[in-house]
Structure formats: C-alpha cells, structure tokens
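# What the coordinates show
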Amino acid sequence: MSLRGKRIIVGLGGGIAAYKTLSLVRLLVKAGAQVRCVCTPAALQFVTPLSLSTLSGHAVYVDLFSPGNETGTEHVSYADWGELLVVAPATADLLGKFANGIADNALSTLFNAFDKPVLLAPAMNTRMYRHSATQENLRKLRDWGVEVMPAETGGLACGCDGEGRMAEPGQIFSRVESLFADSSRTGILKGKKILVTAGPTVESIDPVRYISNHSSGLMGCRIADELTRRGAEVHFVHGPMRFAPERTVYEDIPVSSAGQMFTESVSLWPDMDMAVLSAAVADYTPAEPSPEKIKKQEDGMVLRLVKTKDILQTLGQEKKKRQLLVGFALETRDELENAREKLRRKNADLIVLNSLRDQGAGFGCATNKVTFLAKDGTVRPMECKDKEAVASDLADCMERSYALL
C-alpha cells in the first residue's frame, strides 16, 4: 500500500522508546507521507523538537497555548488535517488519559478531537504494562476501535528483560500501511456471524492426568481480533489457552474437551455465515476415563483411545449455501498433497496449511508461515509473518472466497 500523500500525525509520549520514533518518522516521510509531530512535554526529555521538525519538515506541536501556534486550536485543525494518528511510545500515562477522556496536554487533547483511525504502540516497564489499570485501559481503547500493537518482550530501560518493549519502527510502519490498505477493502465481513475455534483440547485420563497438545491459542486469538476489527460478530469457542483475544468478541465460549468443542460448534453452525476452525482438537480421547486417580503400576499401563468426532468434516457435511468453511492443516510431510485432500474430503472452502518443518511456524511461535488453499484450486504461499499479519491475510482470503459463493 502506497503512503504517498497520506496525512499522518505522529504523537510521542515521555518514554525512552521515543528515540525509535525518529526512525518511524523518517520511514513515513521516505514513503511519501506528510507527517506532523505532536509531543507531550515529557517526550522532549528524550527527543528534541529540532530532530522531529527536521525529519518531518514541520514545526512540532507541544504547547496547547503557545503564542507560536498557527491557529490557537491546533488540536482541532490537526484533527481535521490528519488521516491517521500514530502514538509511539504510548506510555501508561497517555493510555490512562486516552481511556478516561482526560485532555490536559496537546496530545491527549488531540486524541479527544480525533475521529479517524488511531494506532497505539505501548511502551513501559513490565509491571506497569501488566498492571490491571493499564490492561483495562487497553481493553477499553480496543473496544472503542483503537488499534493497539502488542508490546514486545525484550530488553527494557530498567536493565531487565520483560514485556513492555515498544514495537520496532519497521513493524509500526508496516501496520500503518495495513491500516490504509484496510480502508480500501470491501467490508464483506462486517456484520457476518463467524464461528472461530482456538486453542488445544484437554482429554481427561483421570481427575489428575490428561492428553493435550502444545497449542497456545495465539493464532486463533489473532484471527478473532482481526475479524472483530472488521466488524464481524465473532463466536469464540476455545479450549484452555495461555492467551485471550485483545478485542472483546461477541460471544466467548470456553470448553475443555474435543467432545464439548464439537457440541458447541455444531450447535452454532446453522446460524453462522462462516467458520474458522483453528483449534488443535485432539484426534483421540481415552475410551474410559477413570473417576479416581490411577495408581502407578509396576508393569506399566495400557491406555485405550477412541477417535473424537471430526468438527470440520461434520460442519462440511452440514454446510448450506452461502456458508464459508475454513480449516487448518498442520503437516510434517507431503504438505500440499495432504492439505488438498483435506480440502476435498472435508468439503471446506479454504485450508490454512503450515508445516512444522518451516522455521517460525507451528506451536509456541509469535510468527507463522502459511499457505492458503482455496476450493477453486488457488494456492497462495505466504512469507513468515507475525500472527497478527497472518490473520489479516486470512481475512482477505475469506472476503475473496465469500464473494465467489
């Protein structure tokens, strides 16, 4: 997506990560965007107005009441001028002000006047980032439609490693490109009822032990976030997970076992427009779970397993006209052949294929490398990307496929 001529306001809060924002401004200007910078007074402890004005080509807006301001109501004129507001770093202080309508400096006042897309890149100490107040402010902002880039884990200014590091300038730049690309999309997903399954299932052996897998649920969460962001009504059925969607889904349905996930999914499907089955559902479950803890035996133990019900196949058999069904395939060999066979056999419209042989793909990664296989024979291999970007690519494919139904 070209940024040439796009009008972007870059806001800076008072954090050490502000030095990175200089690189972001440079990237945006180099791509042809028009950039204006707005700072809190604390931000100028870390960067100078001269640096920002030199890179952007415009004076920096800092003081609400400066006699040097062009209009005297810069927060309104900037809101009229800008197409996108990017705040990096978005400090805990700014998040609190944004989420609670506090307008006491140039940047927080501009946020209150800005009625177009906003992108925040949080940056702060781990304990501040994880504090309930910060997380609640982030949740509220996301529910308002504000885009939030997840903070990364890495070296912090305090000398520790932890969560709270601001996304790199290149990542923020890519997200800006995506946001402008979003504005040209069809809006097909808006108002659609979509079932999304995510995470592992847990198959009990006895009250203490169970069979499961390494799925964290992160991919499914990112899919739920992206579909919700595009206006879909997401019904989120998930097993026990280490993650949760960052946006508030329409309906959150926690389950434990493959049988419970099957029951919920089949029950919802008749009323859905689409389904994305990203959960890592157990193929087998203990035939006779013990009601009591099984004692250790000297000569080992034989555990009899039975097949679980196939959710994708059942939904494929019950699929009606104008319903789109998306399945996932995790393979270790003959990947394309197995994925094509799964697409045909399960009567799916899209299969998202990844391979454990690809670096950066599979369980436990913040990234994924996928190939999209469509019912019309289209095969689209993608580069390794963070799972947020993969979810955006999948949503694009869903829009294209649904338009052809």
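Right above here is the structure, for reference.
Residues numbered from 1 in each chain as written. Predicted model: local features only at pLDDT ≥ 70, side-chain atom pairs only at ≥ 80, totals over all residues. Heavy atoms only, no water.

## Examining empty space enclosed by the protein
What counts here: With a 1 Å grid laid over protein atoms only, a set of points is called a cavity when a 1.4 Å probe fits there but cannot get out and a pocket when it is open yet has protein on both sides within 12 Å along at least five of seven lines; lining residues have an atom within 4 Å of a point. Grid points are joined across faces, edges and corners, and a volume is the space filled by probe spheres set on the points. Segments assigned H or I by DSSP are reported as helices when at least four residues long, segments assigned E as strands when at least two residues long, and all are numbered from the N terminus.
Applying the stated criterion across every chain yields a total of one cavity of 30 Å³ or more. Forming the boundary of the largest cavity are Arg142, Val146, Glu147, Val148, Arg175, Arg222, Asp225, Glu226, Arg229, Glu246, Arg247 and Glu388. Listing elements by their share of the lining of the largest cavity, those giving two or more residues are β5 (147–148) and α9 (218–229). Of all the elements, α9 adds the most residues to the lining of the largest cavity, at four residues.

## Comments concerning the pattern of salt bridges
We count it as follows: We define a salt bridge as a side-chain nitrogen of Lys or Arg found within 4 Å of a carboxyl oxygen belonging to Asp or Glu. Residue exposure (1.4 Å probe, protein chains only): buried if accessible area is under 20% of the type maximum, exposed if over 50%, otherwise partly exposed.
Scanning the entire structure with this criterion turns up 25 salt bridges. Arg139 serves as the salt-bridge partner of Asp143, at 2.6 Å between the closest nitrogen and oxygen. Linking Asp143 with Arg139, this pair stays in helix α7 (residues 132–143), spanning four residues, or about one helical turn. For Arg139, a relative accessible area of 33% translates into the label partly exposed. The residue Arg247 makes a salt bridge to Glu147 at a minimum N-O spacing of 2.7 Å. Within this pair, whereas Arg247 is found in the loop between β11 (233–238) and β12 (251–254), its partner Glu147 is found in strand β5, the two being separated by 100 residues in sequence.

## Some words on unusual backbone geometry
Residue Pro89 is bonded to the preceding Ala88 through a cis peptide linkage, with omega at 5°. If you trace the backbone, Pro89 turns up in strand β3 (residues 84–90). With phi around 45°, Asp334 is a residue other than glycine that occupies positive phi space. Tracing the backbone through its elements, the reader meets Asp334 in the loop between β16 (324–331) and α12 (335–345). By relative accessible area, Asp334 is classed as partly exposed at 43%. In this model, Asn347 sits at a positive phi of 60°, which is unusual for a non-glycine residue. Examined against the element boundaries, Asn347 turns out to sit in the loop between α12 and β17 (350–355). Judged by relative accessible area, which is 30%, Asn347 ranks as partly exposed.

## What about the packing of helix α4 (residues 92–99) against helix α5 (residues 106–113)?
To describe two helices that pack against each other, one gives the angle between their axes and the distance between the axes. Put simply, the test is: With axes taken as lines fitted to C-alpha atoms, and helix axes fitted only over the stretch in contact, angles between N-to-C directions fall between 0 and 180 degrees. Note on convention: near helix rotated counterclockwise from far helix by under a right angle means a left-handed crossing. Clockwise means right-handed. By the convention used here, residues are in contact when the closest approach between their heavy atoms is within 4.5 Å. Charged means Asp, Glu, Lys or Arg here, nonpolar means Ala, Val, Leu, Ile, Met, Phe, Trp, Tyr, Cys or Pro, and polar covers whatever is left, Gly included.
Where α4 contacts α5, the two axes come as close as 10 Å, and the packing angle between them is 35°. Between α4 and α5 lies a crossing of right-handed hand. The residues of α5 that touch α4, namely those facing Leu94, Lys97 and Phe98, are Leu107, Ser108 and Phe111. Across the contact of α4 with α5, the residue classes tally to four nonpolar, one polar and one charged.

## Some thoughts on the pairing of strand β8 (residues 193–198)
Stated formally: When DSSP finds two or more bridges between two strands, those strands count as paired.
Among the six residues that make up β8, five are buried, leaving the element largely enclosed by the rest of the structure. For β8 and β11, the ladder comprises six bridges, and the chain directions are parallel. Bridged to Leu195 within β11 is His235. As judged from the four bridges shared by β8 and strand β13 (residues 274–277), these two strands associate in the parallel manner. Bridging from a neighbouring strand, Val196 pairs with Val276 of β13.

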